[in-house]
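# Analysis of the macromolecular model
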Amino acid sequence: MGSLHNASTEQLQELDALHHLHPFTDTRALNKKGVRVIKRADGVYLWDSNDRKFLDGMAGLWCVNVGYGRKEIMDAAYQQMQQLPYYNSFFQTSHPPAIELSARIAEVTPAKFNRVFFCGSGSEANDTVVRMVRHYWAALGKPDKKVIISRENAYHGSTMAGASLGGMKPMHAQGGLPIADIEHIMQPHWFLHGIDQSPEAFGKQAAMALEQRIQQLGADKVAAFIAEPVQGAGGVIVPPSTYWPEIQRICKAHDILLVADEVICGFGRTARWFGSETYDIDADLMAIAKGLSSGYLPIGGVVVSDRVAEGLEQGGDFNHGYTYSGHPACAAAALANIELMQRERIVENAAEKTAPYFQQKLSELSDHPLVGQIRGVGMLGAIQLCPEKPSNKPFAKSGAVATVCRDHAMHNGLVMRAVDDAMILSPPLVISESEIDELFAIATESIDQTYKDLEDGKIEF
Ligand code: PXG
């Protein structure tokens, strides 16, 4: 524990402002306001440096799937550090935690996945995906098959390749992105782009955008299509039922690898072990991170199907890897996390009981005058705020109203995220029914307060 353990909030804020640069943050604006310091956590709750308690409706950043305070994971990491805190997996070496974790991942993923390449995060996993799928096609004698198609408003990480695969325009605007040979097609966001059609017709149309782009580029130039089973950071965009079957057909018809970015959806978020299972996606590669260790230590990976593994074996050296690929303590934590999930049937319990309850409570908000659409699956939810129900007209200043709602929620004791005009929820999978009741009581109160602010002309939008 550091020497600042008993420091006051003001002292911590001051030092943070002086020395700490935060992700996705306007530093000047943050430092004017003062950062919130989170000091401890247990179950689904967080406490800040003023000892205020919050229900964590986001499981950290969509990752603390088993909840906070799980001693089994801490002990596994501590014991591993005592035995072997670090060694690499380069130069013909390995170590027990990475070996055991790779076998365990093969056990919990669909049958065709038997190998994993480890890295430190979801971004690194997707950087690995880019190099791996290009190396795969080159190994098979097709070095020109290298374009990767992704989607607008997708999130695949913050590294150069991750942010390029992602379809977030403000990210591309900084740093000269995207890198070469990345293409983007439309996202399957029915409420924003397809409200004049049935969701089913729109789902097919959104998928057809992939086929059209492949035809424009030539299938011999396209290596892979990458997508999150459900877009998370983009706003919990649950695709229409027709979307994934059509994407699947198109990838198979044109011999394009299908990469499922399971960084959020993996490890139970959609109430199956993988989002690919929820949507019956027959992927060739899966990017994993977050729920792999429930965020207790940083670890990610690319899970590789037998087909891709066989192709890669024909390519000799894969000139790629990280100092912390398969880090022993992180691997031990991930292994303990998966064992815990299996032992306590955390995904299965969520599927049978708490996720349907969460979805029922979420759907009850659809009658609210400020709510234009509810989206959700498993333990993921989006509440789309809308000025002119039942139209899909957005607020003139995107995000302004949702930010007010987020601040009300925080004030009321709930961490709920704002994405454009939507409120986002992704609580730990272990959340109980009474905690779900508490979550939605606070969410509803916060939306009511936001609606009143709008009626009172207090929000500029
Ligand atoms: N893929 C997906 C689908 C993600 O959601 C990444 C890759 C990158 O993972 P790392 O571990 O490199 O961050 C993510 C990360 C948000 C938010 O504001 C979402 C993420 C990360 C940070 C913030 O919703 N997702």
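Provided above is the structure to which this section pertains.
Residues numbered from 1 in each chain as written. Predicted model: local features only at pLDDT ≥ 70, side-chain atom pairs only at ≥ 80, totals over all residues. Heavy atoms only, no water.

### Points about the nonpolar core
Here is a general trend for soluble globular proteins: nonpolar side chains tend to be buried in one another's company. Core analysis: the biggest nonpolar cluster contains 109 residues, and L101, F225 and L385 have the highest contact counts within it. Of the residues forming this core, the biggest block, nine residues, is contributed by helix α14 (residues 328–343). Residues from two domains meet in this core; each of domain 1 (36–66 + 346–455) and domain 2 (71–343) gives at least three. Of all hydrophobic cores here, the second largest spans 28 residues; its members include I182, L257, V302 and Y322. (Core = buried A, V, L, I, M, F, W, Y, C linked by side-chain atoms within 4.5 Å. Buried < 20%, exposed > 50% of the residue type's maximum accessible area, 1.4 Å probe, protein only. Helix = DSSP H or I, 4+ residues; strand = E, 2+ residues; numbered from the N terminus. Domains from an automatic or database assignment.)

### Some details on helix α15 (residues 346–363)
The largest bend in α15 comes to about 45 degrees, at E352, with the proline P356 one to four residues further on. Those residues of α15 that are buried lie in contact with α14, β11 (371–377), β12 (380–385), β15 (422–425) and α17 (433–455). (Bend = angle between axes of the 7 residues up to and from the residue. Contact = heavy atoms within 4.5 Å.)

### A few points about a nonpolar patch on the surface
A grouping of L4, L15 and L18 is seen on the molecular surface, where their side chains present a nonpolar patch of about 270 Å² in accessible area. Relative to the helices and strands, L18 resides in helix α1 (residues 9–19). (Patch = residues over 30% accessible without salt bridge, like charges linked within 9 Å, V, L, I, M, F, W, Y side chains within 5 Å. Areas by Shrake-Rupley, 256 points an atom, 1.4 Å probe, with all protein chains shown as cover. Salt bridge = Lys/Arg side-chain N within 4 Å of Asp/Glu carboxyl O.)

### Details of the sheet that holds strand β3 (residues 53–56)
Strand order in the open sheet formed by four strands is β1-β2-β3-β13, with mixed pairing between adjacent strands. Each end of this open sheet is capped by a strand with a single partner; those strands are β1 (38–42) and β13 (414–415). (Pairing = 2+ DSSP bridges.)

### As for the packing of aromatic side chains
Applying the stated criterion across every chain, the model contains 11 aromatic pairs. On the numbers, 5.7 Å between centres and 55 degrees between planes, the contact of F90 with F91 is tilted. Residue classification places F90 among the partly exposed positions, given a relative accessible area of 31%. A relative accessible area of 69% places F91 in the exposed class. (Phe/Tyr/Trp six-rings, centres within 6.5 Å; stacked < 30°, edge-to-face > 60°.)

### Focus: the packing of helix α16 (residues 400–412) against α17
Running from N to C, α16 and α17 point in directions that differ by 135 degrees, and their axes come no closer than 8 Å. Here α17 runs oblique to α16, going by the angle between their axes. Like other packed secondary-structure pairs, α16 and α17 cross with a definite hand, here right-handed. Residue-level contacts link V401, V404, C405, H408, A409 and N412 of α16 to I442, E445, S446, I447, Q449, T450, D453 and L454 of α17. Here the contact of α16 with α17 is built from residues that sort into seven nonpolar, five polar and two charged. (Axes fitted to C-alpha atoms, helices over the stretch in contact; angles between N-to-C directions. Parallel < 35°, antiparallel > 145°, perpendicular 65-115°, else oblique. Left-handed = near helix turned anticlockwise from the far one by under 90°. Nonpolar A, V, L, I, M, F, W, Y, C, P; charged D, E, K, R; others polar.)

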